[in-house]
Amino acid sequence: MCSLGLFPPPPPPGDITLYEFNNALVCGHLYETLPLAFQSQLADLPVLGLPKETLKAHSRLEHGTKPAFIHHRESLWKRCINAWRDVGVCGVLNEVANAEEEALQWVKTGSRYALAVCHWVSSLHGSLFPHLSLTSEDMIAEFSQAVDWAGCTIRAFAWHPHTSKFAVALLDDSIRVYNTNSATIPTLKHRLQRNVAAMAWKPLCASILAVACQSCVLVWHLDPTSLSTRPSSGCAQVLSYPGHSPVTSLAWAPSGELLLSASPVDTAMLVWDVSTENCVQLPWFGGGGVTYLAWSPDGSKVLAATPSAVFRVWEAQMWTCERWPTIKGRCQTGCWSPDGSRLLFTVLGESVIYSLSFSEYRGEMQGQVGGSKTASIVADLSETTFETLYGEERIGGEVHSMAWDPSGERLAVIIRGNPDVPESPTVIAVFRTRNSPVFELLPCGFLRGEQGAQPQLIAFHPCFKKGALLTVCWSTGKISHIPFFFVSAQLPCFSPGRSPVAAMASASVREQPLFSELTSPLASTWAPGPRLSAWGRDARLLPPSSAVPQFPPTRHQPV
Amino acid sequence: MSAGPGQQQALLRQVLGWRVAAAVAWSVLLLPLCTAAFVVLSGIDPFHPLRWVSNSFNDLYTSYIIFCILLMSVVILVISIFNVEFYAVVPSIPCSRLALIGKIIHPQQVIHSVVHAVMGVLVAWCAAVMTKGKFQFLAVPCTSSESLDDAVPQVCLNEYHLFFLLSGAFMGYSYSLLYLVNNMNYLPFPIIQQYKYLRFRRSLPLLVKHSCVESLYLVRNFCIAYYFFGYIPRAWISTTMDLHIDSKLHPLDTLTGLLDLSLLYHAWLCGVFLLITWYITWLLFKIYATETHHFPVQPTFAEETDQCLPKILNSNPPLIIKFLALQDLMLLSQYSPVRRQEVFSLSQPGGHPHNWTAISKECLNLLSDLTQRLIAQQEAAAAANGRAKQPAGELKISPQTPGAIVTEDMSFQLQRSNVIPRAPMPSLVKSSLLPLKASPGSDVGTPFSSPILNCKAGILDLNSPWHGSVQSPHIMRRGPKLWTLNSDLQMNGSHQESFPMFSVVRAGSEAVQPSFIYTWLQNKQEQIKNFLSKRALIMYFFSKHPEASIQAVFSDAQMHIWALEGLSHLVAASFTEDQFGVVQTTLPAILNTLLTLQEVVDRHFKLPHVSSKPPRISGSLVDTSYKTLRFALRASLKTALYRIITVFGEHLNAVQVSTEHKKRLQQFLEYKE
């Protein structure tokens, strides 16, 4: 088990983590300090600053055109019809009960009683599933993968699975699409695009983006060659289903054919055939809804977290599921190893990372998920005090979100500090991981952003050739990219772990020893420096306690 | 290669037989449950709940209920037989109202409707008997109305019972009609695989809701019908069976008679009972029939050779078998490495990749067939548009339009087809086809290998019953098929004199010398057509719905979608799994076919009348997924191309394809399509 105590101490305040090189995280003051050889790798990735002030100017507080018109009192009958259309039975009852007209007195009393019964029933329901009493915005904020969804400028982030292109959902309900190869930055706006909780690019496709909104799922069909900065809302397909809102999580099948959507209110998750807008419900009562979805990169399994202390792992061929009750709280986040054989997940209320391994997927075992009997704790992230030259720092707490890089070698984790202790910050911890032949989780270090910036969202670039590239959205509205330079032990993936085929390829490599003679010389060829593999791959073979010597983190001095 | 029809029937029976049996068995097993629910609900008595429950449970064991269940089982059996006889994996979509009427009065459909009406009567009779009370018997004793003193016991007609029976017949007939109109004989394959029980459970609430609503409408319609025509059957029954009419009771074909809440409730409940039992039968058949079937890739025993996947794909089996085989191909290519290995394997003596060759050949044939069909449709549409814009008199007739293929063996028909003004052939498609023909290793049918075949299709259509019948040019303009070729020219000619057409014919060839009488007849025919086309009523029946015509073109696209998915997954898997390189030999042909199809499909979606977005599908019981198959095809085509391209990456530059396709590939490689 790995714990925070084994981590190298966090970088000094004022420094920014720039990159990982030679198995050590390098900090500095400015971004120019990247070695020249690496600058070309990142030159085209935009480092963005999206401060809140620029957005507030044109954010609409009130949606719709209602305030622009003079208030007009309609007849009760009309209002009831409108309420029926908008809200349903409860709306009609509410309208009748609050009518000022000299309506039939007994109708008013009757509807008042009916309304009371409705409230009582819903409160009963709400006491079973407390999240149902939240407003939909609070619900999204509660279940979103963003740390501070309600307050921060950046609400969702998604890398395109094949190219250097990403989408950013902002506080003003617009989405911007940045492409390294083109200067045009399309801004997506739609009448229904409100309170974006998640986004996902369609795999095996040039430019289709699914957006989880408050009332529906929008699927944007963007023309990658178009120069327009404001695609019309005609480019968006609206996928809505009664009772399925707000949508908080989306997952595309890695084979690109199906889209899953989940809502904390709906017990069923929906499988969409987006091209025809057909959907199939996958109902499973219990749990009260689905908050978070993660499709394994090999396409065989799906993690579905619920608002109560249970999560499910679906098998994606016959769509049967295994149910996993947790002890403490709901499953907050999870991520899959590239070959889909291991699931790491965290539980609200516990500061540990659990691991769940699955028997290797071969397709012949139809309708079996094949999970192991118990989940094991692989990392303990409880609060640890680091004595640094600049004073004490206390780091540790619950995990808010996790990301595993496509080669399966780095795991980034957002640890939310203790909310009661003000000086306990939200940090990103990075682990080195290895999935085969045995699972290993070793500390790498903490990432630090600019002064006062808290990490908001993390995502790995899906096809970074020289290792892994972590994109971090900070609470200041900055989006920075932190490269991890290493030689992957896996075969070079063409579609980095996104298609079952590539996963099969990596699975067949599994039998080879990881630390062959081949990998180390390769590392040395493009990693000149005196401290080659000081605590690198060779050190990983040692037990974790001795693998972390207590030397100070390297300071890269600007020249 | 081709198995005899007898063998195919045996295969069909082997694959489908047990499925049908299981579906029938389950629907019969579910019947007692439905009956129990019906009995409980029909005896509903909100003021005496205890008595209601105890009464209904006592009723459940009585002999007549058991007899009713037996009778209903027979009904279910008959309904199942009709389901099996009428199912279709490719829906037949009527393109005009006349075609729809033609379908309704087709003898087969008439038999279907009559039998369903009779079955409806049987179900209604069972329902009436189980409901008891005033509905139970057709003949009831009554007293003559003249005077109470000399009360002569008479036998009177129970109109309630008659109402029930007639409503049953009405509902049975309506079910049959809706079955036809909604294409409920179409078997839609699910988008995800699920266990049968889960699929059934998922559809059950929808089924119940649909039946309840449907029954409400049917009862309303029946009441209206009975109000106007109810006296006819009543008089007929009472005279033939010598029953008196009880004059003390209200006749039911009056407003007061019909506004009987208990009557309406029981009629509605009877309708719900009928629809639920029949829909369950239909649903179970659908679920069982579309279940995956595991075809072996390589036969383990010699006698299984006819049942293995490559054989079935290459022979011409019943369509459902072909669909199941393609579905199985899609699943094996996606989920089963072991079976993929069998596909890539070489034959034991000889070392030929028979499995892969057979599978890829069939898939490519399917796709190029579709390409041809789409090209033909686009030509027709383009021709129609051209004519619409151009007055017929300005018809410029040149023997060859620019951009037409000129080959030595071009026949007279081909030339004529190219004469049609403004029929721009997709030039890119064509130019790419020629190198494809020459490309090595592409023994498969090229998408445009026989331009004559296109024309033949057109001529065949001319000979179809449609041509002889009355047709207006407007219909032809929107025709999904090859209406154009000859008929268009004749139509254009007929607008004024027949000379332009003559010149066309002369210019085309000297071989055909149409006699003067023939042309005169044609001329007259066209005049009649023109005359008729101006009548609004006829136009109403004949006008083709453009959406329906497009749906008709893509009605069997599910096959092509599976072929695309299967092929692309296999090719993508071959990158790591194909030990002998068998896939590489066909890779250029596959890429060419896919890119050509992509071209043609793109072009199709740019045609007028073609919406680029699928219509909203409400989550109803009746599946309308055939209406959106073309969108699914477009999406899976693109995904299939990207699947191959992401896996092979830069290696694709080494594959022999034409320059246009190379450009296209490059765009795909840069994710710019």
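- For chain A, an unreviewed UniProt entry supplies the name Aladin WD repeat nucleoporin and the organism Dromaius novaehollandiae.

### Description of the overall build of chain A
At step 1: Counting secondary structure elements, chain A contains ten helices and 33 strands.
At step 2: The proportion of buried residues among the 559 residues of chain A is 58%.
At step 3: Sequence separation of 24 or more characterises 54% of the internal contacts of chain A that already satisfy a separation of 6 or more.
At step 4: Carbon and sulfur atoms make up 58% of the accessible area of chain A, which totals about 23800 Å².

### Describing the overall build of chain B
At step 1: Check the secondary structure of chain B and you find 28 helices and three strands.
At step 2: Burial status across chain B gives 54% buried among its 673 residues.
At step 3: Nonlocal contacts in chain B, meaning residues at least 24 apart in sequence, comprise 80% of its contacts between residues at least 6 apart.
At step 4: Total accessible area on chain B is roughly 30100 Å²; 64% of this is exposed by carbon and sulfur atoms.

### Digging into the sheet that holds strand 9 (residues 198–201) of chain A
Residue and element names in this part refer to chain A.
At step 1: Spatial ordering of the open sheet is given by 9-10-11-12, a layout of four strands whose pairing is antiparallel. If you trace the sheet from one side to the other, it starts and ends with strand 9 and strand 12 (236–239), each paired once. Here the strands of the sheet are splayed against their neighbours by 20° on average, with no regard to which way each runs.
At step 2: Summarising the sheet, strand 11 (residues 217–221) and strand 12 pair through four bridges and their orientation is antiparallel. Paired with Val-217 across the two strands is Leu-239, which belongs to strand 12.

### Let's talk about the environment of Thr-639 of chain B
At step 1: Following the sequence through the fold, Thr-639 of chain B ends up in helix 27 (residues 629–648).
At step 2: Judged by its relative accessible area of 3%, Thr-639 of chain B is buried.
At step 3: The spacing of Thr-639 of chain B and Glu-565 of chain B is 74 residues in sequence and 8.4 Å in space, taken between C-alpha atoms.
At step 4: If we ignore the near neighbours within four places in the chain, the residues touching Thr-639 of chain B are Lys-202, Leu-204, Ser-255 and Gly-256 of chain A.

### Thoughts on the side chain of Thr-153 of chain A
All names here are of chain A.
At step 1: Relative to the helices and strands, Thr-153 is located in the loop between helix 6 (136–143) and strand 5 (154–159).
At step 2: A distance of 3.3 Å separates the side chain of Thr-153 from the backbone oxygen of Leu-50, its partner in a polar contact.
At step 3: Ignoring anything within four residues of it in the chain, the contact list for Thr-153 reads Leu-50, Pro-51, Lys-52, Leu-55, Ala-169, Leu-170, Leu-171, Ser-475, Thr-476 and Gly-477.

### Brief notes about the interface of chain A and chain B
At step 1: Taken together, the contact pairs 45 residues of chain A with 40 residues of chain B.
At step 2: One salt bridge connects Arg-643 of chain B with Glu-257 of chain A, and the closest N-O pair in it is separated by 2.9 Å.
At step 3: The interface formed by chain A and chain B includes three residue pairs in polar contact (both at pLDDT 80 or more).
At step 4: Of all the secondary structure elements, the ones that give two or more residues to the side of chain A that touches chain B are strand 12, strand 15 (268–273), strand 16 (278–283) and helix 7 (500–509) of chain A.
At step 5: Examining the composition of the side of chain A that touches chain B, we find that five residues originate from one element, strand 16 of chain A, more than from any other.
At step 6: When its residues are assigned to classes, the side of chain A that touches chain B shows 19 nonpolar, 20 polar and six charged.

### Concerning the packing of aromatic side chains
In this description, a pair of aromatic rings is defined by centroid distance and the angle of the planes.
All names here are of chain B.
At step 1: Tallied over the full model, the rule gives 46 aromatic pairs over all chains.
At step 2: Pairing Phe-135 with Tyr-160 gives two aromatic rings, centres 5.9 Å apart and planes at 80°, and the pair type is edge-to-face. Of the two residues, Phe-135 is situated in the loop between helix 5 (107–131) and strand 1 (139–143) and Tyr-160 in helix 6 (residues 159–181); the sequence distance between them amounts to 25 residues. This pair shows no difference in class: Phe-135 is buried, exactly as Tyr-160 is.
At step 3: Note on Tyr-186 and Tyr-626: the rings are 5.3 Å apart at their centroids and 85° apart in plane angle, and the pair reads as edge-to-face. In this pair, Tyr-186 is assigned in the loop between helix 6 and helix 7 (196–229) and Tyr-626 in the loop between helix 26 (582–605) and helix 27, connecting sequence segments 440 residues apart.
At step 4: Through pairs of rings, three or more aromatic residues link up here, namely Tyr-175, Tyr-179, Trp-278, Tyr-279 and Trp-282.

### A word on the pairing of strand 13 (residues 249–252) of chain A
Residues and elements named next belong to chain A.
At step 1: Neither face of strand 13 is open: one carries Ser-249 and Ala-251, the other Leu-250 and Trp-252, and all of them are buried.
At step 2: Both strand 13 and strand 14 (residues 259–262) contribute to a ladder of four bridges, which runs antiparallel. Residue Leu-250 lies in a different strand from strand 14, and its bridge partner there is Ser-261.
At step 3: Linking two consecutive strands that pair antiparallel, namely strand 13 and strand 14, is a turn of six residues; a positive phi of about 85° is found at Gly-256 within it.

### Things to note about the environment of Ser-261 of chain A
Residue and element names in this part refer to chain A.
At step 1: On the secondary structure map, Ser-261 appears in strand 14.
At step 2: By relative accessible area, which is 0% here, Ser-261 ends up buried.
At step 3: With sequence-adjacent residues up to four places away left out, Ser-261 is seen in contact with Val-217, His-244, Val-247, Ser-249, Leu-250, Met-269, Leu-270, Trp-272 and Leu-293.
At step 4: A polar atom in the side chain of Ser-261 sits 3.1 Å from the side chain of Trp-272.

### Section: the pairing of strand 19 (residues 310–315) of chain A
Residue and element names in this part refer to chain A.
At step 1: By the criterion of burial, strand 19 is predominantly enclosed, with six of the six residues buried.
At step 2: Relative to strand 19, strand 18 (residues 301–305) is paired through five bridges, and the arrangement is antiparallel. In the strand pairing of strand 19, Leu-303 is matched with Val-313.
At step 3: From the end of strand 18 to the start of strand 19, which pair antiparallel, there are four residues.
At step 4: Where strand 19 meets strand 20 (residues 321–325), five bridges bridge the pair, whose relative direction is antiparallel. Looking at the pairing, Trp-314 lines up with Cys-321 of strand 20.
At step 5: Joining the antiparallel neighbours strand 19 and strand 20 is a turn of five residues, in which Trp-319 adopts a positive phi near 60°.

### Some points on the nonpolar core
Residues and elements named next belong to chain B.
At step 1: Counting 91 residues, the largest nonpolar core has Ile-320, Leu-329 and Trp-356 as the members making the most contacts within it.
At step 2: With near-sequence residues (within four places) excluded, Leu-329 lies in contact with Leu-309, Leu-313, Ile-359, Cys-363, Gly-566 and Leu-570.
At step 3: Membership of the second largest hydrophobic core comes to 66 residues, among which are Phe-200, Leu-207, Leu-243 and Leu-275.

### Some details on the confidence of the model for chain A
At step 1: Looking at chain A as a whole, the pLDDT averages 79, with 80% of positions reaching at least 70.
At step 2: Below pLDDT 50 for its whole length, residues 491–559 of chain A participates in 103 contacts with residues either more than four positions away or in separate chains.

### Some thoughts on a nonpolar patch on the surface
Residue and element names in this part refer to chain B.
At step 1: Taken together, the side chains of Ile-224, Tyr-227, Phe-228, Phe-229, Tyr-231, Ile-232 and Leu-255 present a nonpolar region at the surface, about 750 Å² in accessible area.
At step 2: At the level of secondary structure, the elements contributing two or more residues to the nonpolar patch comprise helix 7 and helix 8 (231–240).
At step 3: With four residues, helix 7 is the single largest residue contributor to the nonpolar patch.
At step 4: Relative to the assigned elements, Phe-229 resides in helix 7.
At step 5: Since its relative accessible area comes to 54%, Phe-229 is described here as exposed.

### Describing the state of the cysteines
At step 1: One pass over the structure, following the stated rule, counts zero disulfides over all chains.
At step 2: With no disulfide of its own, Cys-321 of chain A lies closest to Cys-331 of chain A among cysteine sulfurs, the gap being 14 Å.
At step 3: Between Cys-126 of chain B, a cysteine without a disulfide, and Cys-68 of chain B, which holds the nearest cysteine sulfur, the sulfur-to-sulfur distance is 4.0 Å.
At step 4: Taking the relative accessible area as the measure of exposure, Cys-126 of chain B reaches 0% and is therefore buried.

### Examining unusual backbone geometry
At step 1: In this structure, Pro-246 of chain A follows Ser-245 of chain A across a cis peptide bond, with omega equal to 0°.
At step 2: With respect to the helices and strands, the residue Pro-246 of chain A is situated in the loop between strand 12 and strand 13.
At step 3: The phi dihedral of Glu-277 of chain A is positive, around 60°, even though this residue is not glycine.
At step 4: Inspection of the secondary structure puts Glu-277 of chain A in the loop between strand 15 and strand 16.
At step 5: Of note, Asp-242 of chain B is a non-glycine position whose phi angle comes to about 55°, a positive value.
At step 6: Here Asp-242 of chain B is to be found in the loop between helix 8 and strand 3 (244–245).

About the thresholds
Residues numbered from 1 in each chain as written. Chains lettered and ligands numbered in written order. Predicted model: local features only at pLDDT ≥ 70, side-chain atom pairs only at ≥ 80, totals over all residues. Heavy atoms only, no water. Helix = DSSP H or I, 4+ residues; strand = E, 2+ residues; numbered from the N terminus. Buried < 20%, exposed > 50% of the residue type's maximum accessible area, 1.4 Å probe, protein only. Contact = heavy atoms within 4.5 Å. Areas by Shrake-Rupley, 256 points an atom, 1.4 Å probe, with all protein chains shown as cover. Pairing = 2+ DSSP bridges. Axes fitted to C-alpha atoms, helices over the stretch in contact; angles between N-to-C directions. Polar contact = N/O pair within 3.5 Å; in protein donor to acceptor, adjacent residues only side chain to side chain. Salt bridge = Lys/Arg side-chain N within 4 Å of Asp/Glu carboxyl O. Nonpolar A, V, L, I, M, F, W, Y, C, P; charged D, E, K, R; others polar. Phe/Tyr/Trp six-rings, centres within 6.5 Å; stacked < 30°, edge-to-face > 60°. Core = buried A, V, L, I, M, F, W, Y, C linked by side-chain atoms within 4.5 Å. pLDDT = per-residue confidence, 0-100. Patch = residues over 30% accessible without salt bridge, like charges linked within 9 Å, V, L, I, M, F, W, Y side chains within 5 Å. Disulfide = S-S within 2.5 Å.

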